Amino acid sequence: MRTKMQLRFALCAGLGACCASAPGQTAQTADTPLVAAKTQTQASASDEVEAAAFAIDPARASASRIVGSTALGGLESYSLDGKRRAAMPAGEAVAVATAEDARGTVLAAIDATDNRLRLFRVRGAGLEEATARKIALGFAGEGICLYRHALDGALYAFVVGDGGEIDQLILFANADGRLDARQVRRVSLPSTVKQCAADSRGHVYAAQETVGLWRFNADPEADLDATMVDSPSLGNLEGETKGVALYDGGAGRRLLLASDTDGGRINVYDRDDNDAYVGAFRAGTNGKVVGEPGPLAATSAPLPSAPHGALLVADEDDSNYKLLSIDDIASALKLPAAPSASAGAEDKRFASVVAVAESRPMDSYGDAADDPAIWADPDDPAGSLVIGTDKRAGLYVYDLQGRVKSFIASGKMNNVDLRDGFELGGEKIVLVTASNRTDKSIGIYRLDTATGELADIADGVQPTGLGDPYGLCMYRSARDGRTYVLVNGDDTRLRQWQLVATKNGKVRAELVRDLNFDSQTEGCVADDAGGSLFVDEEDVALWKLPAEPDGGDTKTAVARVADNPSLKDDLEGLGIYDLGDGRGYIVVSSQGNDSYAVFRREGGHEYLGSFAVVADPANGIDGISETDGLEVSSRNLGPGLEHGAMVAQDGRNVMPVENQNFKIVPWKAIAEALGLEMRQP
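Residues numbered from 1 in each chain as written. Predicted model: local features only at pLDDT ≥ 70, side-chain atom pairs only at ≥ 80, totals over all residues. Heavy atoms only, no water.

Topic: the overall build of the chain
Step number 1: The secondary structure content of the chain amounts to 3 helices and 52 strands.
Step number 2: Taken along its principal axes, the extent of the C-alpha atoms in the chain is 95 × 50 × 45 Å.
Step number 3: Counting over 681 residues, the chain shows a buried share of 60%.
Step number 4: When the accessible surface of the chain is summed, it comes to about 25,100 Å², and 45% of that surface belongs to carbon and sulfur atoms.
Step number 5: Taking the average place of the 67 positive charges on the side chains of the chain and the average place of its 101 negative ones, the gap between the two points comes to 2 Å. (Helix = DSSP H or I, 4+ residues; strand = E, 2+ residues; numbered from the N terminus. Buried < 20%, exposed > 50% of the residue type's maximum accessible area, 1.4 Å probe, protein only. Areas by Shrake-Rupley, 256 points an atom, 1.4 Å probe, with all protein chains shown as cover. Lys, Arg positive; Asp, Glu negative; His and termini not counted. Charge placed at Lys NZ, Arg CZ, Asp CG, Glu CD.)

A look at the pairing of strand β7 (residues 93–101)
Step number 1: As judged from the 8 bridges shared by β7 and strand β8 (residues 104–111), these two strands associate in the antiparallel manner. Among the inter-strand pairings, A97 is bridged to a residue of β8, identified as A108.
Step number 2: Between the antiparallel neighbours β7 and β8 lie 2 residues. (Pairing = 2+ DSSP bridges.)

Digging into the pattern of salt bridges
Step number 1: Enumeration over the complete set of coordinates arrives at 50 salt bridges.
Step number 2: As a salt-bridge pair, R600 and E606 come within 2.9 Å of each other at their nearest N and O atoms.
Step number 3: Overall, the relative accessible area of 37% leaves E606 in the partly exposed class.
Step number 4: If you follow the salt bridges from partner to partner, you end up with D111, D114, R116, R118, E129 and K134 in one network. (Salt bridge = Lys/Arg side-chain N within 4 Å of Asp/Glu carboxyl O.)

Overview of the state of the cysteines
Step number 1: The tally for this structure, following the rule as stated, stands at 2 disulfides.
Step number 2: Residue pairing for C473: its cysteine sulfur links by disulfide to C524, the two sulfurs lying 2.3 Å apart. Across the S-S bond of C473 and C524 the torsion is about -120 degrees, and the bridge reads as left-handed. Linking C473 in strand β38 (residues 469–476) with C524 in strand β42 (residues 521–527), this pair joins segments that are 51 residues apart in sequence. We note that C473, like C524, is buried. (Disulfide = S-S within 2.5 Å.)

Concerning the nonpolar core
Step number 1: By size, the foremost hydrophobic cluster in this structure holds 26 residues, and its most contacted members are Y156, F158, I166, I170, V204 and F216.
Step number 2: Secondary-structure elements contributing two or more residues to this core are β12 (141–148), β13 (155–161), β14 (165–173), β15 (179–188), β16 (193–198), β17 (203–208) and β18 (212–217).
Step number 3: It is β13 that contributes the most residues to this core, 3 residues altogether.
Step number 4: In this structure F216 touches F158, I166, R185, G202, H203, V204, A206, L224, D225 and A226, once residues within four positions along its chain are discounted. (Core = buried A, V, L, I, M, F, W, Y, C linked by side-chain atoms within 4.5 Å. Contact = heavy atoms within 4.5 Å.)

Brief notes about a negative patch on the surface
Step number 1: There is a patch of like negative charges on the surface, built from D47, E48, D262, E292, E316 and D317.
Step number 2: In this fold, D262 is placed in the loop between β21 (254–260) and β22 (265–270). (Patch = residues over 30% accessible without salt bridge, like charges linked within 9 Å, V, L, I, M, F, W, Y side chains within 5 Å.)

Regarding the confidence of the model for the chain
Step number 1: In this model, the chain carries a mean pLDDT of 92, and residues with pLDDT of at least 70 account for 94%.
Step number 2: Below pLDDT 50 for its whole length, residues 1–19 participates in 33 contacts with residues either more than four positions away or in separate chains.
Step number 3: Confidence drops under a pLDDT of 50 for residues 341–347, and excluding neighbours within four residues, the segment shows 13 contacts in the predicted structure. (pLDDT = per-residue confidence, 0-100.)

Looking at the packing of aromatic side chains
Step number 1: Going through the model one piece at a time under the given rule, you end up with 13 aromatic pairs.
Step number 2: Pairing F158 with F216 gives two aromatic rings, centres 6.2 Å apart and planes at 70 degrees, and the pair type is edge-to-face. Remark: F216 occurs in strand β18 and F158 occurs in strand β13; sequence separation between them is 58 residues.
Step number 3: In this structure F158 comes out as buried when scored by relative accessible area, which is 1%.
Step number 4: Overall, F216 belongs to the buried group, its relative accessible area being 3%. (Phe/Tyr/Trp six-rings, centres within 6.5 Å; stacked < 30°, edge-to-face > 60°.)

With respect to the sheet that holds β38
Step number 1: Spatially, β38-β39-β40-β41 is the arrangement adopted by the 4 strands of the open sheet, whose pairing is antiparallel. At either end of the open sheet lies a strand with only one pairing partner, and these are β38 and β41 (507–516). Ignoring strand direction, the axes of neighbouring strands in this sheet form an average angle of 25 degrees.
Step number 2: With 5 bridges joining them, strand β39 (residues 483–489) and strand β40 (residues 493–501) adopt antiparallel strand pairing. In the strand pairing of β40, L486 is matched with Q496. (Axes fitted to C-alpha atoms, helices over the stretch in contact; angles between N-to-C directions.)

Notes on the environment of D363
Step number 1: Take D363: it is sitting in the loop between β29 (357–358) and β30 (369–375).
Step number 2: In the structure, D363 is positioned 296 residues away from N659 in sequence and 7.2 Å away in space, judged by C-alpha atoms.
Step number 3: Apart from the residues within four sequence positions on either side, D363 is in contact with Y396 and N659.
Step number 4: Within the structure, D363 has its side chain in polar contact with the side chain of R360 (distance 3.1 Å).
Step number 5: There is a polar contact of 3.2 Å between the side chain of D363 and the side chain of Y396. (Polar contact = N/O pair within 3.5 Å; in protein donor to acceptor, adjacent residues only side chain to side chain.)

A few points about the environment of T554
Step number 1: Residue placement: T554 occurs in the loop between β44 (541–546) and β45 (556–560).
Step number 2: Of the residues examined, T554 reaches a relative accessible area of 56% and is grouped as exposed.
Step number 3: For the pair T554 and Q680, spaced 126 residues apart in the sequence, the C-alpha separation amounts to 35 Å.
Step number 4: Setting aside residues no more than four positions away along its own chain, T554 makes contact with K544, L545 and P546.

A short note on helix α3 (residues 667–674)
Step number 1: Among the residues of α3, those classed as buried are W667, I670, A671 and L674. Within α3, the buried residues cover an arc of 95 degrees as seen down the axis, which keeps them to one side.
Step number 2: Downstream of α3 by one or two residues, G675 has phi in the positive range, about 70 degrees. (Arc of directions from axis to C-beta.)

Some thoughts on the sheet that holds β12
Step number 1: Reading across the sheet, the 4 strands line up as β12-β13-β14-β15 and stay open at both edges, with antiparallel pairing between neighbours. Two strands close off the open sheet at either side, each with one partner strand: β12 and β15. Direction aside, neighbouring strands of the sheet carry axes that sit 25 degrees apart on average.
Step number 2: Across 7 bridges, the pairing between β12 and β13 is antiparallel. Each residue of the ladder has a partner; that of L146, found in β13, is A157.

See the structure below:
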């Protein structure tokens with residue numbers, strides 16, 4: 001994975017590929033306007049400056065501070081008029097960034113003495129170190145930026161390094177209120193990255209010193225989507241770039257600012273227009289121009305001398321920081337007038353929950369895990385089991401702590417389902433079926449609930465007649481007790497078979513009907529008590545139709561992707577939470593926005609809300625993204641899962657980056673987040 005990223009970066013840098021937009025006007029120093037600083041800080045006591053950050057006081061703007069990293073001088077705090085107010089020993093401080101959390105302002109700094117991350121809380125004009133332990137980086141850090149996830153408020157740090165490293169860490173408070181960090185993922189560029197900046201829309205911008213500006217996704221559960229914004233070859237950067245900052249001032253004023261260090265300019269890009277270049281300016285004070293602008297920092301908070309926000313520019317020659325008004329920059333570049341209200345983070349759309357357990361990562365690489373099924377032990381709930389597919393190798397059986405009980409190398413198994421109480425050879429067994437893409441068949445197994453092992457009991461190969469079977473679900477008829485399996489594939493058919501016990505103790509599948517859809521389907525689930533089948537047509541809708549083979553093919557749309565803004569294709573996994581008496585909930589994975597939509601099982605199946613599964617850094621379990629398959633059970637599954645659970649495939653298993661796996665989420669957490677009912681154990 002890392003090698004592919006490096007290859008992509010190298011190709012983009014060398015060929016000018018992956019660029020955000022075609023080159024705009026070329027920056028020319030001769031006609032670049034000069035923007036005078038409103039103020040500048042005193043020279044640092046060490047005569048060195050690195051990056052700076054704003055520490056905004058929301059109650060009293062004039063009490064806001066500038067905090068600068070001054071190498072061996074540590075951290076210095078300045079008032080907005082530039083006077084030094086405090087100093088804080090912090091080793092060799094080479095970078096600094098700030099963000100807000102529930103307890104106030106968090107300040108993160110890189111200490112190059114031993115290359116570690118140090119975390120502080122801003123207290124008036126001073127700082128209070130709040131790091132829980134020594135957080136070693138493992139590389140020479142150059143810059144840092146902080147990102148707050150709009151969904152759950154989680155705070156992340158991006159640390160960029162001399163060797164091209166971009167490390168993403170999640171920050172969190174421990175039981176004592178001290179701040180800790182856990183690595184989530186690492187991205188590698190071929191050369192030094194000097195600074196980064198993150199926005200509320202989920203983007204991180206990085207200044208690769210000798211190459212140019214990159215943009216990529218800040219959400220670790222999303223595709224990296226690395227895009228080159230600008231470079232010398234695109235015409236708007238003359239050479240090295242050492243600084244990058246983001247200004248969030250509303251429509252027409254969402255700006256990317258970057259130091260064109262060799263050109264002595266600061267470039268400006270419009271983030272509402274795919275980061276298109278809009279111009280450049282020079283910074284200066286008292287008639288003196290900043291010759292090589294360094295690291296930058298921006299704020300949209302109103303300040304006494306800059307009512308719509310400000311930009312800080314590190315000036316290595318003067319060993320200080322220049323504060324420029326965004327209004328002056330906008331005027332110099334003829335940008336639109338400031339909107340009446342500043343744009344903040346986007347509204348949270350979904351409730352958030354965390355997983356309490358996860359399975360061991362797959363042995364197979366790439367897109368391997370897909371779909372789970374849950375067997376609830378009626379006698380010993382803690383002995384319940386999860387069966388999960390490895391669509392490159394076979395079937396796993398896990399306990400509810402995610403530990404592997406068994407594995408059967410049965411082929412490329414895509415989806416799996418089960419029903420207990422199937423009568424075979426005079427006894428009732430747990431019958432498991434799975435779609436086998438290796439030989440395009442239906443795999444049929446018996447689950448040994450005592451050992452967690454699966455035994456193949458298919459009466460020979462049971463062909464699906466599909467070119468590539470994908471989705472699978474089972475149905476037990478309340479009318480006559482017959483058991484069925486339904487499979488769809490790479491065409492638009494959904495096929496239904498009755499599962500029949502043979503005299504030799506095997507099970508065969510007898511085709512009973514074909515159903516047709518207009519486009520690709522995969523996820524499906526049957527409501528045994530209600531005699532209904534729910535099917536995801538991935539890009540179109542969640543459909544309901546009769547589950548009985550003689551029930552006809554009339555389809556009713558439960559929800560259409562085009563009509564519900566909380567749904568984003570593909571619709572994938574489906575599960576039913578059973579409250580009894582035909583009541584309960586239908587859960588569907590909305591893969592395109594990494595969320596799960598909940599609909600009422602009975603009646604008109606109204607939409608009840610959506611939730612996302614987010615990271616739990618304290619326990620080292622990441623969130624869930626790009627879910628293919630899921631299962632839901634309302635049965636008692638043991639301690640912590642007394643009201644049931646959702647088990648879902650995690651398409652990106654991070655914190656750290658590992659092969660795909662399955663996550664286990666208590667239904668109680670989902671119910672409390674969305675105000676739903678729980679089945680009592």
